[in-house]
Amino acid sequence: MDCGCCKGAVLTLLFEEVALTGSTNADLLTRAAQGAPEGLWLRADAQDGGRGRLGRSWESPKGNLFASTIVRLRDTDPAPASLAFVTALAVFDAIRQIAPHVDISLKWPNDILSRDGSKLCGILLERSADAVIVGIGLNLVWHPENLDRKVSDLRTLGATPPDAQSSVEIVADAFARYLSIWRLSGTGTIIRQWEECAHPRGTALSARLPDGEELHGIFQGLDDQGALRLSLADGAIRAIHAADVFLV
């Protein structure tokens, strides 16, 4: 699937590597406060304090990709929350390059899934002042077992992915291209491209809201702000702004 990315990154990319850290996101939050520039990528061979959404731990052994970058918000930028879609598209694009035979799709807001619904990547955005730290954990060669959701890695799915440093360079280039689209064309363009890479409209989904309410319905795409549109049994369309979403 061609998700419509443009060619040619305009952002200067800087790469740093460390053997072990607690969390690349935490490190770049500190670095951003010290004035580190947009376009800096920090990759760790391993993390001993990796985390995902809602404070969940993220297992981070050597071999997979663990990296974070900084986006410096500008007055003319779209809503910062829509960087979740930018990041999802970038990782989707990168996987298509490094594992072209693996069938993947996007699930709201930024999950990358294999054909059987297994999650391949974790994405965490954290903001401090004008900096958004974008963290990416991509399962290249290993995935955890015995979780409450299906997960996998590219090697298990039959790919021979490059090493983590080569992979982060591919991800970073894709991220720079989609970040440029986001700034030049706005959230609407990013959302349309996201939908082209996602499971189709009509897919049955369930959503667990932050207050514990569970909804079941049919995917009807995203609204202009990126909220998930869920068609319920009574015919109503519910806009979902925050939830854990599952394929049914």
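In what follows, the structure referred to is the one given above.
These lines cover the structure that appears in this document, whether it is placed above or below. (Residues numbered from 1 in each chain as written. Predicted model: local features only at pLDDT ≥ 70, side-chain atom pairs only at ≥ 80, totals over all residues. Heavy atoms only, no water.)

Topic: the overall build of the chain
Helix and strand counts for the chain stand at four helices and twelve strands. Each of the three principal axes of the chain carries a C-alpha extent, and together these read 50 × 45 × 35 Å. In the chain, which comprises 248 residues, the proportion classed as buried is 53%. Summarising the internal contacts of the chain: among those between residues at least 6 apart in sequence, 64% fall at separations of at least 24. (Helix = DSSP H or I, 4+ residues; strand = E, 2+ residues; numbered from the N terminus. Buried < 20%, exposed > 50% of the residue type's maximum accessible area, 1.4 Å probe, protein only. Contact = heavy atoms within 4.5 Å.)

Quick notes on the sheet that holds strand β3 (residues 65-72)
If you walk across this open sheet you meet the five strands as β1-β2-β3-β7-β6, and the pairing is mixed. Each end of this open sheet is capped by a strand with a single partner; those strands are β1 (14-21) and β6 (121-128). Across the sheet, the mean angle separating the axes of adjacent strands is 20 degrees when strand polarity is ignored. Of the strand pairs in this sheet, β6 and strand β7 (residues 131-138) are connected by eight bridges, and their pairing is antiparallel. Bridge assignment links G122 to a residue of β7, and that residue is G137. The sheet contacts of helix α3 (residues 164-185) involve β1, β2 (40-47), β3 and β7, and relative to β3 the element is tilted by about 30 degrees. (Pairing = 2+ DSSP bridges. Axes fitted to C-alpha atoms, helices over the stretch in contact; angles between N-to-C directions.)

Notes on the sheet that holds strand β11 (residues 237-240)
The antiparallel open sheet is built from five strands, whose spatial order is β11-β10-β9-β8-β12. Every other strand in the sheet has two partners, leaving β11 and β12 (244-247) as the edge strands with one partner each. With direction set aside, neighbouring strand axes in the sheet form an average angle of 45 degrees. Here strand β10 (residues 228-231) pairs with β11 via four bridges, running antiparallel. Each residue of the ladder has a partner; that of R229, found in β11, is A239.

Structural notes on the pattern of salt bridges
Close approach of charged atoms allows side chains with opposite charge to pair. Scanning all chains against the criterion turns up 15 salt bridges. With a shortest N-O distance of 2.8 Å, R72 and D130 are connected by a salt bridge. Taken together, the residues span a long stretch of sequence, with R72 in strand β3 and D130 in the loop between β6 and β7 at a distance of 58 residues. Assessed through its relative accessible area of 18%, R72 is described here as buried. (Salt bridge = Lys/Arg side-chain N within 4 Å of Asp/Glu carboxyl O.)

A word on the nonpolar core
Among the nonpolar cores identified, the biggest contains 59 residues, and L106, I112, L154, W194 and L228 are the most heavily contacted of them. Of all the elements, helix α2 (residues 83-98) adds the most residues to this core, at eleven residues. Excluding residues that lie within four positions of it along the chain, I112 makes contacts with A88, V91, F92, I95, I104, S105, L106, S118, K119, L120, C121 and I123. Formed by eight residues, the second largest nonpolar core is a distinct cluster that contains L28, L40, I70 and A131. (Core = buried A, V, L, I, M, F, W, Y, C linked by side-chain atoms within 4.5 Å.)

Thoughts on the side chain of N110
The residue N110 is located in the loop between β4 (104-107) and β5 (111-114) in this model. Other than its neighbours up to four places away in sequence, N110 contacts A84, A88 and I123.

Re the packing of α3 against helix α4 (residues 187-197)
In contact at an axis separation of 6 Å, α3 and α4 are set at 135 degrees when each is read in the N-to-C sense. Considered as vectors, α3 and α4 are oriented oblique to each other. Contacts from Y178, I181, W182 and S185 in α3 reach T187, T189, I190 and Q193 in α4. Split into classes, the residues belonging to the contact of α3 with α4 amount to four nonpolar, four polar and no charged. (Parallel < 35°, antiparallel > 145°, perpendicular 65-115°, else oblique. Nonpolar A, V, L, I, M, F, W, Y, C, P; charged D, E, K, R; others polar.)

Some points on the environment of L13
Within the element layout of this structure, L13 appears in the segment before β1. Here the alpha-carbon distance between L13 and V102, two residues 89 residues apart in the chain, equals 27 Å. With residues near it in sequence (within four places) discarded, L13 still touches G39, W41, A172, D173 and A176.

Brief notes about the environment of P200
By the secondary structure assignment, P200 is in the loop between α4 and β8 (204-208). Sequence separation between P200 and W182 is 18 residues; the distance between their C-alpha atoms is 23 Å.

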